[in-house]
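# Chain and residue survey
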Amino acid sequence: DAKTTQPPSMDCAEGRAANLPCNHSTISGNEYVYWYRQIHSQGPQYIIHGLKNNETNEMASLIITEDRKSSTLILPHATLRDTAVYYCIVRDQGNTPLVFGKGTRLSVIA
Amino acid sequence: DAGVTQSPTHLIKTRGQQVTLRCSPKSGHDTVSWYQQALGQGPQFIFQYYEEEERQRGNFPDRFSGHQFPNYSSELNVNALLLGDSALYLCASSLSGANVLTFGAGSRLTVL
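Since this is a predicted model, take the numbers as computed values, not measurements. (Residues numbered from 1 in each chain as written. Chains lettered and ligands numbered in written order. Predicted model: local features only at pLDDT ≥ 70, side-chain atom pairs only at ≥ 80, totals over all residues. Heavy atoms only, no water.)

## Things to note about the pattern of salt bridges
- Summed over the entire model, instances satisfying the criterion amount to five salt bridges over all chains.
- Ionic pairing is found between A:Glu31 and A:Lys3, a salt bridge with its closest N-O pair at 2.8 Å. In this pair, A:Glu31 is assigned in the loop between β2 (18-23) and β3 (32-38) and A:Lys3 in the segment before β1 (9-13), connecting sequence segments 28 residues apart.
- Overall, A:Lys3 belongs to the partly exposed group, its relative accessible area being 34%.
- Of the charged contacts, one joins B:Asp85 and B:Arg63 as a salt bridge, the two residues approaching to 2.8 Å between their closest N and O atoms. Of the two residues, B:Asp85 is situated in the loop between β8 (74-78) and β9 (87-94) and B:Arg63 in the loop between β6 (53-57) and β7 (64-68); the sequence distance between them amounts to 22 residues. When sorted by exposure, B:Asp85 lands in the same class as B:Arg63, which is buried. (Salt bridge = Lys/Arg side-chain N within 4 Å of Asp/Glu carboxyl O. Helix = DSSP H or I, 4+ residues; strand = E, 2+ residues; numbered from the N terminus. Buried < 20%, exposed > 50% of the residue type's maximum accessible area, 1.4 Å probe, protein only.)

## Thoughts on the interface of chain A and chain B
- Contact with chain A, which involves 20 residues of that partner, is made by 21 residues of chain B.
- Our count for the contact surface shared by chain A and chain B stands at zero salt bridges.
- Inspection of the chain A/chain B interface yields six residue pairs in polar contact (both at pLDDT 80 or more).
- The greatest single-element share of the side of chain A that touches chain B, amounting to three residues, is contributed by β3(A).
- Taken together, the residues of the side of chain A that touches chain B sort by class into eight nonpolar, 10 polar and two charged. (Contact = heavy atoms within 4.5 Å. Polar contact = N/O pair within 3.5 Å; in protein donor to acceptor, adjacent residues only side chain to side chain. Nonpolar A, V, L, I, M, F, W, Y, C, P; charged D, E, K, R; others polar.)

## Digging into the state of the cysteines
- Counted by the stated rule, this structure contains two disulfides over all chains.
- Paired through a disulfide, A:Cys22 and A:Cys88 show a sulfur-sulfur distance of 2.1 Å. Between A:Cys22 and A:Cys88 the sulfur-sulfur dihedral comes to about -85°; the bridge is accordingly left-handed. Placement of A:Cys22 in strand β2 and of A:Cys88 in strand β8 (residues 84-91) is noted, with a sequence separation of 66 residues between them. There is no split in this pair, since A:Cys22 and A:Cys88 are both buried.
- The residue that forms a disulfide with B:Cys23 is B:Cys91, at a sulfur-sulfur distance of 1.8 Å. The sign of the S-S torsion, about -65°, decides the handedness of the disulfide formed by B:Cys23 and B:Cys91: left-handed. You can see B:Cys23 sitting in strand β3 (residues 19-24) and its partner B:Cys91 sitting in strand β9, a full 68 residues away along the chain. (Disulfide = S-S within 2.5 Å.)

## Here's the deal with the side chain of B:Gln36
All names here are of chain B.
- Assignment of secondary structure puts Gln36 in strand β4 (residues 31-37).
- We classify Gln36 as buried; its relative accessible area is 12%.
- Polar side-chain contacts of Gln36 include one of 2.9 Å to the side chain of Tyr89.
- Those residues in contact with Gln36 that lie beyond four places of it in its chain are Gly42, Pro43, Gln44, Ile46, Phe60, Phe64, Gly84, Asp85, Ala87, Leu88 and Tyr89.

## What about the sheet that holds β3(A)?
Residues and elements named next belong to chain A.
- Taken in spatial order, the five strands make up an open sheet running β1-β9-β8-β3-β4, and their pairing is mixed. Single-partner strands in this sheet number two, and they are β1 and β4 (45-50). Each neighbouring strand pair of the sheet contributes to a mean axis angle of 25°, computed without reference to strand direction.
- Strand direction decides the pairing type here: β1 and strand β9 (residues 104-109), joined by five bridges, are parallel. Each bridged residue has a counterpart across the sheet, and for Ser9 the counterpart in β9 is Arg105. (Pairing = 2+ DSSP bridges. Axes fitted to C-alpha atoms, helices over the stretch in contact; angles between N-to-C directions.)

## Quick word on the layout of surface pockets
- Of the pockets and cavities examined, the largest pocket occupies roughly 610 Å³.
- Together, 27 residues line the largest pocket, and A:Gln38, A:His40, A:Ser41, B:Gln37 and B:Arg108 are the ones closest to its centre.
- Taken together, the elements giving at least two residues each to the lining of the largest pocket come down to β8 and β9 of chain A.
- Here the residues of the lining of the largest pocket are counted per class, giving 10 nonpolar, 14 polar and three charged.
- Reported here for the second largest pocket is a volume of approximately 260 Å³.
- In terms of lining, the second largest pocket is formed by 16 residues, of which the most central are A:Asp1, A:Val99, A:Phe100, B:Gln44 and B:Phe45.
- Its residues assigned to classes, the lining of the second largest pocket comprises eight nonpolar, six polar and two charged. (1 Å grid on protein atoms, 1.4 Å probe; cavity = no way out; pocket = protein on both sides within 12 Å on 5 of 7 lines; lining within 4 Å. Points joined across faces, edges and corners; volume = space filled by probe spheres on them.)

Structural data, given as structure tokens:
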């Protein structure tokens, strides 16, 4: 079973920041937080991951609370192309399989 | 640089038949994982292949089997198809020990 809890859906206005929350209260010390997204009719796409420090790349920022029990994915300027299902996953390093929940369906509205 | 390619993209089978799905990993990747995604659900892990052997397996029956070839490509076979096997089958590749998986667009199987 997935070790994360996410809201089933969210809306965001185009051009605004999208903040997607994720709870992972049972995360263990060696587990990372990963985010993937799945645009309709495509396979999941890696976005970002982190252990305890905040991370930023060209796609998004990941903010992890100090106790590591929750995190937020931030898309700084959402576009219509960001409409997708976003999955938050906790996972060991290396070859451990990804365990997906149902994710958050983000709708970016013009 | 081609990513993960899967074939066929769509197929229709009837109950009791057998199906083979194919996956070519991203260049430089040596590990292939297969996932099943039912409508409205997140992907579920089936198994992972590395060095031509099944390294890990999820909670799927023996009707689901796979193979990895020396060139790292992989096949997923499903025997005795059930209506419940209708799903999107996703292949993901990675470099062993690496953190990031690259997914293909999937093969959509419909069982009638």
